[in-house]
Amino acid sequence: HISQPTISRDIHYLQKEIHKSNENYEERLFEVYRNSLLGFDEVIKKLWTIIDSSKTDEKEKMKAINLIMQCYKQRFEMIKAEPELIRQKRYMKDLSIIDI
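Everything in this summary refers to the structure shown in the same document.

**So, a nonpolar patch on the surface**
Thought 1: On the surface, a nonpolar cluster with roughly 280 Å² of combined accessible area is contributed by Ile 2, Ile 7 and Ile 11.
Thought 2: Position of Ile 2 relative to the elements: it lies in the segment before helix H1 (4-52).

**A word on the side chain of Lys 61**
Thought 1: For Lys 61, the position within the fold is in helix H2 (residues 58-80).
Thought 2: The charged side chain of Lys 61 is buried without a salt bridge, its nearest counter-charge being Glu 58 at 4.1 Å.
Thought 3: Here Lys 61 is in contact with Ile 51, Ser 53 and Thr 56, once residues within four sequence places are set aside.

**Considering the nonpolar core**
Thought 1: Tyr 33, Leu 37, Phe 40, Ile 44, Cys 71, Met 78 and Leu 85 form the largest nonpolar core, which has seven residues in total.
Thought 2: For this core, the secondary-structure elements that each account for two or more residues are H1 and H2.
Thought 3: Per-element tally for this core: the top contributor is H1, with four residues.

**Focus: the packing of aromatic side chains**
Thought 1: Counted according to the given criterion, the structure contains one aromatic pair.
Thought 2: Pairing Phe 30 with Tyr 33 gives two aromatic rings, centres 6.5 Å apart and planes at 70 degrees, and the pair type is edge-to-face. One end of the pair is Phe 30 and the other is Tyr 33, both in helix H1 and three residues apart, which spans about a single turn.
Thought 3: Classification of Tyr 33 by relative accessible area gives buried; the value is 9%.

**A closer look at the side chain of Thr 56**
Thought 1: Summarising the element assignment, Thr 56 is placed in the loop between H1 and H2.
Thought 2: A distance of 2.7 Å separates a polar side-chain atom of Thr 56 from the backbone oxygen of Ile 50.
Thought 3: Those residues in contact with Thr 56 that sit more than four places away from it in its chain are Ile 50 and Lys 61.

**Things to note about H2**
Thought 1: Under the 1.5 Å per step criterion, the end-to-end length of H2 is 33 Å for 23 residues, consistent within 8% with the ideal 33 Å.
Thought 2: Of the positions making up H2, those classed as buried are Lys 61, Ala 64, Ile 68, Cys 71 and Met 78.

**Comments concerning the environment of His 12**
Thought 1: Mapped onto the elements of the fold, His 12 is located in helix H1.
Thought 2: A residue is classified by how much of its surface remains accessible, and His 12, at 47% relative accessible area, is partly exposed.
Thought 3: Separated by 33 residues in the primary sequence, His 12 and Lys 45 place their C-alpha atoms 50 Å from one another.

Quick notes on the rules
Residues numbered from 1 in each chain as written. Predicted model: local features only at pLDDT ≥ 70, side-chain atom pairs only at ≥ 80, totals over all residues. Heavy atoms only, no water. Patch = residues over 30% accessible without salt bridge, like charges linked within 9 Å, V, L, I, M, F, W, Y side chains within 5 Å. Areas by Shrake-Rupley, 256 points an atom, 1.4 Å probe, with all protein chains shown as cover. Salt bridge = Lys/Arg side-chain N within 4 Å of Asp/Glu carboxyl O. Helix = DSSP H or I, 4+ residues; strand = E, 2+ residues; numbered from the N terminus. Buried < 20%, exposed > 50% of the residue type's maximum accessible area, 1.4 Å probe, protein only. Lys, Arg positive; Asp, Glu negative; His and termini not counted. Contact = heavy atoms within 4.5 Å. Core = buried A, V, L, I, M, F, W, Y, C linked by side-chain atoms within 4.5 Å. Phe/Tyr/Trp six-rings, centres within 6.5 Å; stacked < 30°, edge-to-face > 60°. Polar contact = N/O pair within 3.5 Å; in protein donor to acceptor, adjacent residues only side chain to side chain. Expected span 1.5 Å × (residues − 1).

Read these as layout, nothing more, since geometry by itself doesn't imply function.
In structure tokens form, the structure reads like this:
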């Protein structure tokens, strides 16, 4: 006992919400990606400061160097994955064009 205009309105509302969700996902994904890369850069800068300090003993310097290597490795893995993120972004954009 639901009228056709009510059903059409509800379907239209749900389609708009799906579209918003897709846009938000794509924005959040790239924001997290960008912030993660910037975070790695900041950690690496701090670690180099520790290494360059005359107050840091050799053992701590070695730990900092090890952490820098790990950060560079993780950062490189993220950058290698960037083409896949771009592909996903295009896919999400294509989904938003299709009328569900």
